[in-house]
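The chain contents come next:
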Amino acid sequence: RYTSYKMESFLCNQAFINGKFQSVSETFPVLNPFTDKKLGDVANCTASDAVQAIEVAAEAFKTWKKTTPKERATVLRKWSELMIKNKQALAELITAENGKPVAESIGEINYAAYFFEWCAEEAKRTYGKTIPTPFPNKRLMSIKQPIGVTGMITPWNFPSAMITRKAGAAIAAGCTVVLKPSEDTPYSALALAKLSLEAGLPPGVLNILPCSRENTPAVGQVICESPKVAAISFTGSTATGKILLKQSANTVKKVLLELGGLAPFIVFESADVENAVKHAMACKFRYMGQTCVCANRIFVQESVHDEFVSKFVAAMKKELKMGDPMVNGNTFGPLINEKAVLKVEDQLADAVKLGAKIEVGGKRGQAGKSSFEPTLLTNVTSEMKCFNFETFGPIASIRKFKTEEEVLALANDTRSGLAGYFFSNDVSQCFRVAEEIEVGMIGINEGIFSTAEAPFGGVKESGLGREGSSDGLDEFMEIKYMCWAV
Ligand code: ADP
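Here is a short report on the structure shown in this document.

Analysis parameters
- Residues numbered from 1 in each chain as written.
- Predicted model: local features only at pLDDT ≥ 70, side-chain atom pairs only at ≥ 80, totals over all residues.
- Heavy atoms only, no water.
- Buried < 20%, exposed > 50% of the residue type's maximum accessible area, 1.4 Å probe, protein only.
- Helix = DSSP H or I, 4+ residues; strand = E, 2+ residues; numbered from the N terminus.
- Contact = heavy atoms within 4.5 Å.
- Pairing = 2+ DSSP bridges.
- Axes fitted to C-alpha atoms, helices over the stretch in contact; angles between N-to-C directions.
- 1 Å grid on protein atoms, 1.4 Å probe; cavity = no way out; pocket = protein on both sides within 12 Å on 5 of 7 lines; lining within 4 Å.
- Points joined across faces, edges and corners; volume = space filled by probe spheres on them.
- Nonpolar A, V, L, I, M, F, W, Y, C, P; charged D, E, K, R; others polar.
- Near = heavy atom within 4 Å.
- Polar contact = N/O pair within 3.5 Å; in protein donor to acceptor, adjacent residues only side chain to side chain.
- Areas by Shrake-Rupley, 256 points an atom, 1.4 Å probe, with all protein chains shown as cover.
- Expected span 1.5 Å × (residues − 1).

### Things to note about helix α12 (residues 404-412)
For α12, the complete set of buried residues consists of Glu404, Val407, Leu408, Leu410, Ala411 and Asn412. Of the surrounding elements, those touching the buried residues of α12 are β12 (264-267), β13 (297-301), β16 (395-401) and α13 (427-436).

### Observations concerning the sheet that holds strand β14 (residues 357-360)
Pairing is mixed across the open sheet formed by 7 strands, whose spatial order is β14-β15-β16-β13-β12-β17-β18. If you trace the sheet from one side to the other, it starts and ends with β14 and β18 (441-444), each paired once. Averaged over all neighbouring strand pairs, the angle between strand axes comes to 20 degrees, with direction disregarded. The sheet contact formed by β12 and β13 spans 4 bridges and is parallel. Directly across from isoleucine 266, in β13, lies its bridge partner phenylalanine 299. Most of the contacts of helix α10 (residues 302-319) go to β13, to which it runs at about 130 degrees, and overall it touches β12, β13, β14, β15 (375-378) and β16.

### Examining the layout of surface pockets
Computed from the structure, the second largest pocket encloses a volume of approximately 300 Å³. Along the wall of the second largest pocket there are 16 residues; nearest its centre are Tyr111, Phe158, Arg286, Ile448 and Ser450. Every element with two or more residues in the lining of the second largest pocket is listed here: α4 (102-122) and α5 (161-173). No other element matches α4, which puts 4 residues into the lining of the second largest pocket. Taken together, the residues of the lining of the second largest pocket break down into 7 nonpolar, 4 polar and 5 charged.

### Focus on the site of the ligand
Taken together, 17 residues sit near the ligand, with Thr154, Lys180, Glu183, Arg213 and Ser237 positioned nearest. Contacts to the ligand include threonine 154, whose backbone N or O atom sits 2.7 Å from an oxygen atom. With respect to the ligand, the side chain of lysine 180 contributes an N or O atom lying 2.9 Å from an oxygen atom. In isolation the ligand exposes 540 Å². Once the protein is present, 86% of that is buried. Those elements that place two or more of their residues in the shell around the ligand are α7 (216-225), β10 (229-235) and α8 (238-247). No other element matches α7, which puts 3 residues into the shell around the ligand. The class makeup of the residues in the shell around the ligand is 6 nonpolar, 8 polar and 3 charged.

### Remarks on α5
Over its 13 residues, α5 runs 18 Å from end to end, which matches the ideal 18 Å to within 8%, given 1.5 Å per residue. Of all 13 residues in α5, 13 are buried; the element is thus mostly enclosed. Downstream of α5 by one or two residues, glycine 174 has phi in the positive range, about 105 degrees.

This is a description of form; function is not addressed.
And the structure:
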């Protein structure tokens, strides 16, 4: 029923504005981090392209907001099915752009397509309220309406899913979108644009502006400062998020931010240690540690510390296979770029200098120029950079603790609060700790929790607002209160 493409036919290299692929005057190169070869040259949009795209999105909003949820759902469902039909090619595209092991890229496409499917269903359930009235002669109700044109800026680590999670919700709510993908992964964004045409998304509802790192601040500024843009949704570093929040102040935009984390991963002595190791492996080392919910600070209670460390080392040696991420069976590819490796090396050198012990790994690897071995550090302390700054790479840092009280104080002693995890078989401890940890999402005896049904987001400096779930749709809607005299 749907067209099936090869990876190469997804290498669209123009901007996508008003339902058309368009050239702009300059291009910028996109590299494959494993081969270090150029995948292609992509349109390098500027601030004036952003102005044009916002105009187009504002025009499209006039009609898109009047479509019924069922009409929007039909498009989103087709779009989701098209992604599944083209799963292999879209996954290879992710791997080519960001070095994600291809099995994980397939997982990302399934996850990404599911946001469209779920938002298609949820679009129909954006209920308002009838409100019991305190006045005999007045009737009160509220409705939800799409917020307007939405600006989106997305990262390279989930180049497909971060787009569907944001744009799926906004489009389902009746909004239109101007999106700037990461300069490292524009092809995955443009591939979704290509499929949107076949899904029947009307022109102007989704506009994509790829641009280089150099052009990014100017494009971002236009999106944040435009009075025609009602909301901005961003996933990326905390530093960039703060810039966008400031830039959005003048137009009092709704700002949705998914920023960095410093996830605590706590193993209490009642835990099933083998199970904790299994989840720590998945949570720490998927995509080489380059997700914002990866375990960043692993705390293990004294009595099970040595057992946990030896089982973790054994699992790392057995399960992590470094090599070309496009080859099935390789679970460990390159990091996104050389800068990421330098950051990992800096954290490692700092930790070792301050007394940490390298149990395994510790040097550059064999999966391309920007590859680093999976590494396990013990004797980590609070002074070390790896416990204070997001690693976003393949170092697992372990610290021993004595009591629940001590570990909770340590876990919460940060301005980050995205994800957290703990392992315990003591039921009352599970309730206490789940309630006390200052994060937006918590895995209890579980290391992987993301799904379209559940609210994703952080507290403190890890973000504002939620994505996924009906809460994620609500973020793109305004509540209008109506008071009727009778
Ligand atoms: P990372 O260092 O992991 O790339 P960033 O926060 O820099 O994290 O990048 C996330 C996204 O934010 C990317 O799309 C990037 O281009 C964009 N970005 C970076 N700096 C700015 C900026 N000043 N204004 C708008 N977007 C930005």
